[in-house]
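# Inside the fold
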Amino acid sequence: MAFFLGLRRTQVRSYYLLLPAVAWLLAALDEWYMATYEPQMNIRVDALLFLALMMAATPLGILLSALRRRR
């Protein structure tokens, strides 16, 4: 989110950085929910989904924001 706000006034199109920010937010909300309401869970398959989403979205968002420029 800081990258999005920092690059907002530059020529780089920073809307692509919202994708990793949303992925990290969803993972943090899932962690909070599991730690708060279901602390007895040992094996968590849902963490794999969010980890894969974060691993794909973070480099993709940075790459797209670096390659796409406004005209």
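Refer to the preceding data block for the structure.
Summarised in this report is the structure supplied together with it.

## Some thoughts on helix α2 (residues 18–37)
The end-to-end C-alpha distance of α2 is 28 Å, a good match for the 28 Å that 20 residues give at a rise of 1.5 Å each. For α2, the set of buried residues is P20, A21, A23, A27, D30 and M34. Buried residues along α2 sit against α3 (46–67).

## Let's talk about the packing of aromatic side chains
Applying the stated criterion across every chain, the model contains 2 aromatic pairs. Both rings, one in W32 and one in Y37, keep their centres 5.8 Å apart while their planes meet at 90 degrees; by these two values the pair is edge-to-face. Consider the rings of Y33 and Y37, whose centres lie 5.3 Å apart with planes at 40 degrees: the pair is tilted. Of the two residues, Y33 and Y37 are both situated in helix α2; the distance of 4 residues between them amounts to about one turn of the helix. When its relative accessible area of 36% is taken as the criterion, Y33 is described as partly exposed. Note on Y37: relative accessible area 53%, which makes it exposed. Through a chain of ring-to-ring contacts, the aromatic side chains of W32, Y33 and Y37 assemble into a single cluster.

What counts and what doesn't
- Residues numbered from 1 in each chain as written.
- Predicted model: local features only at pLDDT ≥ 70, side-chain atom pairs only at ≥ 80, totals over all residues.
- Heavy atoms only, no water.
- Helix = DSSP H or I, 4+ residues; strand = E, 2+ residues; numbered from the N terminus.
- Expected span 1.5 Å × (residues − 1).
- Buried < 20%, exposed > 50% of the residue type's maximum accessible area, 1.4 Å probe, protein only.
- Contact = heavy atoms within 4.5 Å.
- Phe/Tyr/Trp six-rings, centres within 6.5 Å; stacked < 30°, edge-to-face > 60°.

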